[in-house]
Amino acid sequence: MIILPDLKNRKTAVFGLGATGLATAKALSASGAQVFTWDEYPAARERAANTAYSCEHPKNWPWAELQFLALSPGVPLTHPKPHAIVRKARSAKVRILGDLELFAMALSARTKAERPNIVAITGSNGKSTTTALIGHILKDTGREVGVGGNIGEPLLAMAPFHKDRVYVLELSSYQLDLASSFHADIAILLNLSPDHLDRHGDMAGYAAAKQRIFFNQTKDDVAIIGVDDEYAQGICATLSGKQEARVYPISVKGALGHGVYSLGGNLYYNLSGKSGEAGAVDQIPTLRGAHNRQNAAAALAACSILGVAPSVSIKAMERFKGLPHRSETIARLDGVSFVNDSKATNVDAAARALTAFDNIFWIAGGRAKQDGAAPLKTLMSRVQRTYLIGDAAEDFERALGAAVASVQCGNLAVAVAAATRDALEFRRRTGEEAVVLLSPACASQDQFKNFEDRGETFRRLVMDEAEAIRAQGDDAAPSTGGAAA
């Protein structure tokens, strides 16, 4: 747990008691603060029952004495409109911050000699994989590492600061929106595409939130930026012109004069005056596709700056097991692979998965975001058929039109059964391998709790289908266990 400075006997408040809020309340209490908490949901309030920070309605909080309000990331700050608790805090002139700002405050209380290295990662897509990959490489090469933030442990639940530990943090736009003094030694922006616009108002607001990851960097720090989309490319150009940090671009679309880039499945680097070929990543099962080459390029750059030789990073990547729900091969059945990419909650993420495979039987749909399915039409040459579910099913079918045959399935169970049947028939008829791909291009909350729930449901349904086929006497028994299966 991170202990926060100068809070003994101070009055503080936490609104929202998910994992982040609970970790924040616990850290504040352990730091000696008096903590007032609340959540709108009774089940969440129960999580704080019988603690030093048990819930009390905000109308009873001592607003005139509060040092700050720690807001959980999911609570609207500005859009679509400020939450009532935000309006109350502003009217009472109480500072609003998040767990990232509290983490930064604890970090700034340490001397430069005591300060650990901080690697921070954000982007519209790929940030979880990149965060986990950097953590894996550093651990694999004997470093002491903490991985947390928007993945793994909440920020304030991480191990106490130690100068020899590297903290690798995945940061969302929501977290960055609530921080002003956070300072990363290495800050990574992978990419930017329209997402969470309901929360940030428009693309400019969303990009501004993401760009906050570079706030407070100096000439001693490093900014690593993907330059394969126009939004991130513009940020890279702006930061390069300011010369406030060393800027290293990364690309999977062509060679670069400096930074890290991918050509033909290999990674090449020019960092701090050293250049060369690092090695191949295209055959690593957990890093398939151009999007994962971008993740690998960012990880290679960050770890090189921390002293890991590029070739050593590549060897470590070969032992990377990947993350659940992110292009995760969960089973193979008679030449058909089943890939769980439930984390693909927007069009850009789904496009990345669709370019990584051929002969795809694609399950898509859910609660659509701004662009719908139209941007994916050009990728339908890789898709044999789509199986549409959820609120967006009819809109997706209209958007894709004649580019691909579509089946209205309604729910995931029907889609998995139909896609499995058709993929196996395709395999037997053509002899070619096929992929049943769940990559929804949509949020999940129309039918599921979250993308993890959707992915786990997909996993269970695939196993049920495989068992049913085996029970019918089919000699194609399923194999499981990820990409090695």
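An account of the accompanying structure is given in this report. (Residues numbered from 1 in each chain as written. Predicted model: local features only at pLDDT ≥ 70, side-chain atom pairs only at ≥ 80, totals over all residues. Heavy atoms only, no water.)

**Overview of the environment of histidine 162**
Our working definition: Helix and strand definitions here come from DSSP, where helices need a minimum of 4 consecutive H or I residues and strands a minimum of 2 consecutive E residues; each element is numbered from the N-terminal end. Buried residues are those whose accessible area, probed at 1.4 Å on protein chains only, stays under 20% of the maximum for their type, while exposed residues exceed 50% and partly exposed ones sit between those limits. Should any heavy atoms of two residues lie within 4.5 Å, those residues are counted as being in contact.
With respect to the secondary-structure elements, histidine 162 resides in the loop between β6 (144-149) and β7 (165-170). Judged by its relative accessible area of 35%, histidine 162 falls in the partly exposed class. Remark: the alpha-carbon pair of histidine 162 and threonine 130, spanning 32 residues in sequence, is separated by 23 Å. If sequence neighbours within four positions are ignored, histidine 162 has contacts with Glu114, Pro116 and Tyr167.

**Considering helix α4 (residues 99-108)**
Among the ten residues of α4, eight are classified as buried, and the element is accordingly described as predominantly covered. For α4, the full list of buried residues reads Asp99, Leu100, Glu101, Leu102, Phe103, Ala104, Ala106 and Leu107. Against α1 (19-30), β3 (66-71), β4 (96-97), β5 (117-122), β7 and α6 (173-177) lie the buried residues of α4.

**So, the sheet that holds β3**
Defined as follows: Only strands joined by at least two bridges in the DSSP assignment are considered to pair. Geometry is summarised by axes, namely lines fitted to C-alpha atoms with helices restricted to the contacting stretch, and by angles between N-to-C directions that run from 0 to 180 degrees.
Spatial ordering of the open sheet is given by β2-β1-β3-β4, a layout of four strands whose pairing is parallel. Looking along the sheet, the strands with just one partner apiece sit at the ends: β2 (34-38) and β4. When strand β1 (residues 11-15) meets β3, the two strands line up parallel, connected through four bridges. Its bridge partner being in β3, phenylalanine 15 is matched across the sheet by leucine 71. The strands touched by α1 within the sheet are β1, β2 and β3, with β1 carrying the most contacts at an inclination of about 170°.

**Description of the pattern of salt bridges**
What counts, and what does not: Only one rule defines a salt bridge in this text: a Lys or Arg side-chain nitrogen within 4 Å of an Asp or Glu carboxyl oxygen.
Throughout the structure, instances matching the rule amount to 16 salt bridges. In this structure, arginine 352 engages aspartate 348 in a salt bridge whose closest nitrogen and oxygen atoms are separated by 3.1 Å. Highlighted residues: arginine 352 and aspartate 348, both in helix α12 (residues 347-354), separated by four residues, approximately one helical turn. Given a relative accessible area of 16%, arginine 352 falls into the buried group. A relative accessible area of 27% places aspartate 348 in the partly exposed class. Three or more residues are tied together by salt bridges with common partners; here these are Glu328, Glu456 and Arg459.

In short, geometric facts, not functional conclusions.
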